[in-house]
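# Working through the structure, step by step
Here are the chains, one letter per residue:
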Amino acid sequence: MSIAENLNHFKNNLPPGVKLIAITKTRPNEDILEAYNAGHKIFGENKVQELVKKYEELPGDIEWHMVGHLQSNKVKYIAPFVHLVHGVDRARLLKVIDKEGRKNNRVIDILMQFHIAREETKFGFNFQEAKELLESESFKGYEYIRVKGVMGMATFTEDMEQVRDEFRELVNVFNTLKEKHFSNDPGFREISMGMSNDYRVAFEEGTTMVRIGSLIFGERNYH
Ligand SMILES: *Cc1c(COP(=O)(O)O)cnc(C)c1O
């Protein structure tokens, strides 16, 4: 099937209220344009350099999401245009994003990434760290950050019941934060979870954003 067909098939089966972020890492512009010309405008990258390059080369009405681990010294390159930063995984990064938002006079939307996988290699806050951050004076002073919700990556495994447990943990974190810290903020409403291998479970567990690459663009070739 072509990229456009994969995309339309996926979109036709999206539950109501769930957004598709098409992940374009390692893909050439022509592939992205095929999805764009099929009507899709929401794309994500996991590397800053690639995100900036694609933003500059591709149509201006694309909504670009940063989904990978973000280094503090690279925030400045995406601050002028990024639509949503999914992988905000440590307190210091919020400080830098707020500073760069101020410089660009734009409020930057972010998701707090939580460590839900049993693998050591995945990034993210634990609940206690997030709580301390949200209760801190510095957080209350950030005027150029808007926390839109949470993001998480499940363990890379065939065991979908383990994935389900991890997604449930993320939903619990979301609900607790919503109740304790964002009860007056209708903008805090996103749960970014689900990729090509586990999106079905994510649908069942209440995702609001799935990040899908290979299912749309085909398997990745790393050179
Ligand atoms: C690559 C990537 C995805 C998409 O992965 P697929 O398995 O190709 O769907 C989603 N989220 C993040 C953070 C990624 O790096």
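Because the structure is a prediction, the values reported are computed rather than measured. (Residues numbered from 1 in each chain as written. Predicted model: local features only at pLDDT ≥ 70, side-chain atom pairs only at ≥ 80, totals over all residues. Heavy atoms only, no water.)

### Looking at the site of the ligand
Just so we agree on the cut-off: Note on definitions. A residue lies near a molecule or strand when any single heavy atom of the residue is within 4 Å of it. Any pair of N or O atoms that falls within 3.5 Å is considered a polar contact. Within protein, one atom must be able to donate a hydrogen and the other to accept it, and sequence-neighbouring residues count only if both atoms are side-chain atoms. Per-residue and other accessible areas were derived by the Shrake-Rupley procedure at a 1.4 Å probe size, with only the shown protein chains allowed to occlude residues. Definitions used throughout: a 1 Å grid over protein atoms alone; a cavity as a set of points that fits a 1.4 Å probe which cannot get out; a pocket as an open set with protein on both sides within 12 Å along at least five of seven lines; a lining residue as one with an atom within 4 Å of a point. To qualify as sitting in a cavity or pocket, a molecule needs more than half of its atoms within 2 Å of the grid points. The residue classification treats Ala, Val, Leu, Ile, Met, Phe, Trp, Tyr, Cys and Pro as nonpolar and Asp, Glu, Lys and Arg as charged. All others, Gly included, are polar.
Ile 23, Lys 25, Asn 46, Val 67, Met 153, Met 195, Ser 196, Arg 211, Ile 212, Gly 213, Ser 214 and Arg 220 make up every residue found near the ligand. A distance of 2.8 Å separates an oxygen atom of the ligand from a polar backbone atom of Gly 213. Burial of the ligand by the surrounding chains reaches 92%, relative to a free accessible area of 390 Å². Assessed atom by atom at 2 Å from the grid points, the ligand resides in the largest pocket. Its residues assigned to classes, the shell around the ligand shows five nonpolar, four polar and three charged.

### Regarding the environment of Tyr 36
The following threshold applies: Only DSSP runs of H or I reaching four residues or more are called helices, and only runs of E reaching two or more are called strands; each is numbered from the N terminus. The contact criterion used throughout is that any non-hydrogen atoms of two residues lie within 4.5 Å.
Mapped onto the secondary structure, Tyr 36 falls in helix H2 (residues 29-37). Sequence spacing of Tyr 36 and Lys 11 is 25 residues, and the spatial spacing of their C-alpha atoms is 13 Å. Those residues in contact with Tyr 36 that sit more than four places away from it in its chain are Lys 41, Phe 43, Pro 59, Asp 61 and Ile 62. Within polar-contact distance, the side chain of Tyr 36 engages the side chain of Asp 61 at 2.6 Å.

### What about the nonpolar core?
Stated formally: Nonpolar core, defined: a set of buried Ala, Val, Leu, Ile, Met, Phe, Trp, Tyr and Cys residues in which side-chain atoms within 4.5 Å join the residues together. Burial classes follow relative accessibility: with a 1.4 Å probe on protein chains only, a residue under 20% of its type's maximum area counts as buried, one over 50% as exposed, and anything between as partly exposed.
Formed by 63 residues in total, the largest nonpolar core has its most connected members in Phe 43, Ile 78, Val 85, Leu 94, Ile 110, Phe 114 and Val 210. Ignoring anything within four residues of it in the chain, the contact list for Ile 110 reads Leu 84, Val 85, Val 88, Leu 94, Ile 97, Ile 145, Arg 146, Val 147, Lys 148 and Gly 149. The next biggest cluster of nonpolar side chains, apart from the first, holds eight residues, and it includes Ile 42, Val 67, Leu 84 and Met 209.

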